Amino acid sequence: MKLNSDLRAPLAALAIVLLLGVAGCQTYLDDAASRTPGEVTDDLTILTLIKTRLLRDEDVRGLRINVDVSKGVVTLSGKVRTEAERQRAVEVAKAIPSVVRVVDNLVVRI
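Residues numbered from 1 in each chain as written. Predicted model: local features only at pLDDT ≥ 70, side-chain atom pairs only at ≥ 80, totals over all residues. Heavy atoms only, no water.

Caption draft 1: Here's a closer look at the overall build of the protein. Regarding its fold elements, the protein presents 4 helices and 3 strands. When the helices and strands of the protein are listed from N to C terminus, the series reads α-α-α-β-β-α-β. Taking all contacts inside the protein whose residues are at least 6 apart in sequence as the whole, residues at least 24 apart take part in 59%. (Helix = DSSP H or I, 4+ residues; strand = E, 2+ residues; numbered from the N terminus. Contact = heavy atoms within 4.5 Å.)

What follows is the structure in structure tokens.
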């Protein structure tokens with residue numbers, strides 16, 4: 001089956017998000033006992049939305065940014081190329097509903 005070129009980028013982004021989600025599941029669930037099922041679900045939804053939007057954003061290199069979420073608190077870490085890219089990544093995270101706070105641990109590296 002041949003995919004329409006308009007569908008390739010969103011499907012690739014979704015595949016990457018799913019792979020990253022599966023790879024991070026064990027760490028993500030380590031503290032699940034201290035959270036309600038709703039908090040776990042909300043955190044996973046927040047994580048998926050942020051990662052998808054970072055990957056789709058033309059001003060951000062989403063693959064180089066790690067996203068962790070616990071009880072609505074988002075922690076961004078990794079390397080970005082510019083201060084503008086760092087600020088944009090933080091803006092993307094803050095724009096997601098249910099985000100309580102964003103912890104910016106991004107490092108600007110050229």
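Caption draft 2: Representation of the confidence of the model for the protein in the model. Here the protein shows a mean pLDDT of 80. Residues at 70 or above account for 63%. Contacts of residues 22-28 to residues separated by more than four positions or lying in other chains number 6 contacts, the stretch itself having pLDDT below 50. (pLDDT = per-residue confidence, 0-100.)

Caption draft 3: Focus on the environment of Leu 76. Within the fold, Leu 76 resides in strand 2 (residues 73-80). A relative accessible area of 0% places Leu 76 in the buried class. Placed 27 residues apart in sequence, Leu 76 and Val 103 show a C-alpha to C-alpha distance of 6.2 Å. Beyond its immediate sequence surroundings of up to four residues, Leu 76 is in contact with Ile 65, Asn 66, Val 67, Ala 89, Val 90, Ala 93, Val 102, Val 103, Asp 104, Asn 105 and Leu 106. (Buried < 20%, exposed > 50% of the residue type's maximum accessible area, 1.4 Å probe, protein only.)

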